[in-house]
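Overview (structure and organization)
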Amino acid sequence: MKLLRLEFYKCRRRKIVLVCAAVLAVELIWMGVFLTRQDAENLQQGWMLLLYNLTIVDAIVLPLSVATLASRNCELEHKGNTWKLLETMVPAGRLYKAKLCWGALVLAMLLLIRAGLFLVVGVYNQFPGPIPWRQMGLFTFVSWAVSMMVYALQQGLSLWFVNQAAALVCGILGSFLGILSMLFPAWLKRCEPWGYYGLLSFVGMDWEPATGATRFYWLWPQAADAALLVVWAALFLAAGRTLFVKKEV
Amino acid sequence: MNIIETHDLCKQYGNAMRVSHLDLNVPEGSIYGFLGPNGAGKSTTLKMILGLVRPTAGRIQVLGNKMDSRNRLAVLRQVGSLIESPSYYGHLTGEENLRIIQTLRGLPEKNIREVLQIVRLDGQHGKKVAHYSLGMKQRLGLAAALLGYPKLLILDEPTNGLDPAGIQEMRELIRDLPGRFGMTVVMSSHLLSEIDQMADHVAIIREGELVFQDSLQALHGRSSHHLALRTTNNAVVRCLLSEKSLDSQEEDGFLILPILSDEITAKITYFLAKNCLGVLRLEERQKSLEEIFLELTGKAVSL
C-alpha cells in the first residue's frame, strides 16, 4: 500500500489527469460526431450502437493511451536515475508490482468515468429500452482487462528501455493494429494483443447489402478468448517482471 | 573492526574482468578513499557492495553481515548511498523527494528538515529539483543518503561535475560526517588531490585490481626523499662513490643517492672537487603522491 501511495505521490505534476481527460475527450467527441450522423432508425438500437462503436473507438484510442500512461509513470524513474536509489530500499519485484497496481487503478478510474459519461450520453439521447447495466458493466470490465494486458506489455517496454520512444511506437502500432484487426478473421485477432478489444465485444452486427440495413445484437465473448487474454497477460507480466528484476542498474 | 570487507570479489562482463579478486577492508569510523582512474571498476565495486550489481564471484560483508539477497535490504537500512549522478524526481521539490525516501524507510519526518539544514538546502521551499544547479542536486543526493543517519555512507564521485566552490562545500560536508554523526564514509574518486584532502584510509584500484590499500599516512610514507646529483662525468663519479660504499643509480642524467646528512654531502662535494669532477646540480627530491599514483596505476593522474 505504501509503495502504491508513493506511486501516486511521485506522479504529482505529471499531468496524468490531463492525459485521462484527453482520452475521454477524444472518445466523447468521436462518439458525439458519430451519433449526430445516425438516423432515427439506427438510434432505435441506441445502446447496442453505442457499445459496438465504443469497442471500435477503444481499439484505436486505448492502445496509445495505455502506452502513454505506462510511459509517464516509468519515465520519471529513468529521467531521475532513481532505480539505484529505490533498489537499495525496496526489492525490484515490489517496485514492478506497485507500478502495475498504479496502472490498474488509473485505468479503472478512467474507464469507470468513461462508462458514467456514456450512460449520460445514452440517457440524454433517449435511447429506447432499459439501460443495459449488465452489458455496460461487463463491457467496462473487459475494456479494463484488455487494457491491463496491454499495460503489462507497455510497462515492460517502458521499464526496459530508457528512451520511451520504443514504448510509444509500440503504442502507435497497437492503435493501428487494433482498428485493423476488426477486419481480421477471429483466429488472427487472437494472435495480436490489441485484437482483443474487438474479439471480446458484447455487440455483433449484421449488415444487409441489398437494403443497407444494419441490425445489432447482443453477444457473449467466448470463454476460450477470455482464457487466451489471461495467457497473454501472464506472458507479458512474467517477461516484463523477469527482465526488470534481472536488469542491473 | 572493519565495516566493509570483501573477499576475492570479481565481476565479469562478457570476457572482460571489470573487478578482479578484490579484498577491501574499510575500518569503522574512517573516511575511506577509493581511488582509481576512470573505468578502473570503482562504481562497479560500490554497486556490488550495495547489491545493485551481482558479483561474478567473491563475498561481501557489510556491518558484520554477509550480504545476500535475503538480508541485503535489512543491512542497507543502515547504509546511505549516492552512486554516480544524484537520483531525484525533477518535477518534485527537494522536500517532496526526501519525503519519498522518508516514507520508504519509515523514518521520522523531522529528519527531512534536519538533513536539509545539514546540506544547506533548507531555503529552497517550493523549488522543483529540475531547477536546481548541479551542486544543489548533488547536495540533495547527499541529504537523501544522510536521511536515516546511517552508520555507513557510500559516495561515488560526490564532487563530479561541481565547480570549485561546490567541491569545497561538499568536502567540508563530508569531512564533518564521521566526527558529527559517527559515520564511516567510503568515497570514490579519480582525483588524488581530493582523496588526499579528505580521506584517512586509501585503496587504489587499477583495471579492477587492488594495487594499494592502507592508511593515507602509509601512502605518504612511500614518497621517500632522495638526493639527485649531476656532475661533469656521472660514470666516473658513480664508480668513485661505489668505492666509498655509496650506491647510486643513474636516472635522466642524474645520479640518485639516498638522503645524506649535511656533513657527508659536504664531504662528497669536496671529494669530487679534489678529483677535478665538477658538480653541476645537487637537489633534494621527494616523490610526489602523483608519482606514486602513476607508479601504482600506470596511468596519468587527474588533478
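Residues numbered from 1 in each chain as written. Chains lettered and ligands numbered in written order. Predicted model: local features only at pLDDT ≥ 70, side-chain atom pairs only at ≥ 80, totals over all residues. Heavy atoms only, no water.

1. A closer look at the overall build of chain B
What chain B contains, in helices and strands, is 11 helices and 15 strands. Taken over the C-alpha trace, chain B has a radius of gyration of 25 Å; the compact-globule value for 303 residues is 19 Å, which it surpasses by more than 25%. With the principal axes as the frame, chain B shows a C-alpha extent of 80 × 45 × 35 Å. The 303 residues of chain B split such that 50% are buried. Of the contacts formed within chain B by residues at least 6 apart in sequence, a portion of 67% connects residues at least 24 apart. (Helix = DSSP H or I, 4+ residues; strand = E, 2+ residues; numbered from the N terminus. Rg over C-alpha atoms; globule rule 2.2 N^0.38 Å. Buried < 20%, exposed > 50% of the residue type's maximum accessible area, 1.4 Å probe, protein only. Contact = heavy atoms within 4.5 Å.)

2. Here we look at the layout of surface pockets
Taken as a whole, the largest pocket spans an internal volume of roughly 580 Å³. Forming the boundary of the largest pocket are 24 residues, of which Gly51, Arg54, Asp68, Ser69 and Arg72 of chain B lie nearest the centre. Contributing elements (two or more residues each) for the lining of the largest pocket: α6 (92-124) and α11 (223-246) of chain A together with β5 (57-62) and α2 (72-76) of chain B. For the lining of the largest pocket, the leading source of residues is β5 of chain B, giving three residues. Its residues assigned to classes, the lining of the largest pocket comprises 10 nonpolar, four polar and 10 charged. (1 Å grid on protein atoms, 1.4 Å probe; cavity = no way out; pocket = protein on both sides within 12 Å on 5 of 7 lines; lining within 4 Å. Points joined across faces, edges and corners; volume = space filled by probe spheres on them. Nonpolar A, V, L, I, M, F, W, Y, C, P; charged D, E, K, R; others polar.)

3. Thoughts on a nonpolar patch on the surface
Residue and element names in this part refer to chain A. Judged by side-chain polarity, Phe8, Leu28, Leu105, Met109, Ile113 and Leu117 come together as a nonpolar surface patch covering roughly 470 Å² of accessible area. For the nonpolar patch, the element with the most residues is α6, which contributes four residues. With respect to the helices and strands, the residue Leu28 is situated in helix α2 (residues 16-36). (Patch = residues over 30% accessible without salt bridge, like charges linked within 9 Å, V, L, I, M, F, W, Y side chains within 5 Å. Areas by Shrake-Rupley, 256 points an atom, 1.4 Å probe, with all protein chains shown as cover. Salt bridge = Lys/Arg side-chain N within 4 Å of Asp/Glu carboxyl O.)

4. Overview of the sheet that holds strand β4 (residues 31-35) of chain B
Residue and element names in this part refer to chain B. Strand order in the open sheet formed by six strands is β7-β8-β9-β4-β10-β11, with mixed pairing between adjacent strands. With one partner strand each, in any of the chains shown, β7 (79-82) and β11 (209-215) form the two edges of the open sheet. Mean inter-strand twist for the sheet, computed between neighbouring axes without regard to direction, equals 15°. On top of the sheet, helix α11 (residues 289-297) reaches β4, β10 (201-206) and β11; it is set at about 45° to β10, its chief contact. (Pairing = 2+ DSSP bridges. Axes fitted to C-alpha atoms, helices over the stretch in contact; angles between N-to-C directions.)

5. What about the interface of chain A and chain B?
Contacts between the two partners involve 25 residues from chain A and, on the opposite side, 29 residues from chain B. Summing the contributions of chain A and of chain B, the shared interface buries around 2600 Å²; its carbon and sulfur component is 59%. One can count four salt bridges joining chain A with chain B. Residue Lys11 of chain B is joined to Glu248 of chain A by a salt bridge in which the shortest nitrogen-to-oxygen separation is 3.3 Å. Linking chain A with chain B are 18 residue pairs in polar contact (both at pLDDT 80 or more), by the criterion used here. Taken together, the elements giving at least two residues each to the side of chain A that touches chain B come down to α1 (2-10), α4 (46-79), α5 (83-86) and α11 of chain A. Among the elements that make up the side of chain A that touches chain B, the one with the highest residue count is α1 of chain A (five residues). Its residues assigned to classes, the side of chain A that touches chain B shows 11 nonpolar, four polar and 10 charged. (Buried area = accessible area lost by both parts, 1.4 Å probe. Polar contact = N/O pair within 3.5 Å; in protein donor to acceptor, adjacent residues only side chain to side chain.)

6. Some details on the nonpolar core
Of all hydrophobic cores here, the largest spans 124 residues; its most connected members are Leu50, Met149 and Tyr151 of chain A together with Leu146, Leu153 and Leu219 of chain B. Sort the elements by how many residues they give to this core and α4 of chain A lands first, with 15 residues. Core analysis: the next-biggest nonpolar cluster, separate from the first, contains 29 residues, Ile4, Ile49, Leu50 and Leu152 of chain B among them. (Core = buried A, V, L, I, M, F, W, Y, C linked by side-chain atoms within 4.5 Å.)

7. As for the packing of helix α5 (residues 134-146) of chain B against helix α6 (residues 164-181) of chain B
Residues and elements named next belong to chain B. For the pair α5 and α6, the least separation of the axes is 11 Å and the interaxial angle reads 15°. Judged on the interaxial angle alone, α6 and α5 are roughly parallel. As α5 runs across α6, the sense of the crossing is left-handed. Residues Gln138, Arg139, Leu142 and Leu146 of α5 lie in contact with α6, whose contacting residues are Glu169, Met170, Leu173 and Leu177. (Parallel < 35°, antiparallel > 145°, perpendicular 65-115°, else oblique. Left-handed = near helix turned anticlockwise from the far one by under 90°.)

8. A short note on the environment of Pro37 of chain B
If you trace the backbone, Pro37 of chain B turns up in the loop between β4 and α1 (42-49). Spatially, the C-alpha atom of Pro37 of chain B lies 7.0 Å from that of Arg206 of chain B, the residues being 169 residues apart in sequence.

9. Some remarks on the side chain of Thr93 of chain B
Take Thr93 of chain B: it is sitting in the loop between β7 and α3 (94-105). Using a relative accessible area of 10% as the deciding quantity, one classes Thr93 of chain B as buried. Those residues in contact with Thr93 of chain B that lie beyond four places of it in its chain are Arg13 of chain A together with Gly126, Lys127, Lys128 and Val129 of chain B.

10. Brief notes about the sheet that holds strand β14 (residues 254-258) of chain B
All names here are of chain B. As summarised here, the arrangement of the four strands in space is β13-β14-β12-β15, forming an open sheet in which the pairing is antiparallel. Both outer strands of the open sheet, β13 (249-251) and β15 (279-286), are each paired with one neighbouring strand and no more. Averaged over all adjacent pairs, the angle separating strand axes in this sheet is 30°, with direction ignored. When strand β12 (residues 225-231) meets β14, the two strands line up antiparallel, connected through four bridges. Bridge assignment links Leu229 to a residue of β14, and that residue is Leu255. On top of the sheet, helix α10 (residues 262-274) reaches β12 and β15; it is set at about 155° to β15, its chief contact.

11. Considerations on α2 of chain A
Note on helix geometry: an α-helix contains 3.6 residues per turn, so any two residues three or four positions apart are oriented the same way. Residue and element names in this part refer to chain A. Over its 21 residues, α2 runs 30 Å from end to end, which matches the ideal 30 Å to within 8%, given 1.5 Å per residue. Listed as buried for α2 are Ile16, Val19, Cys20, Val23, Leu24, Glu27, Met31 and Leu35. When α2 is viewed along its axis, its buried side chains cluster within an angular range of 135° and face the same direction. For α2, the exposed residues set more than 90 degrees away from the buried face come down to Leu18, Ile29 and Thr36. Buried residues belonging to α2 abut α3 (40-43), α4 and α6. (Expected span 1.5 Å × (residues − 1). Arc of directions from axis to C-beta.)

Spatial relationships are all this shows, so hold off on functional conclusions.
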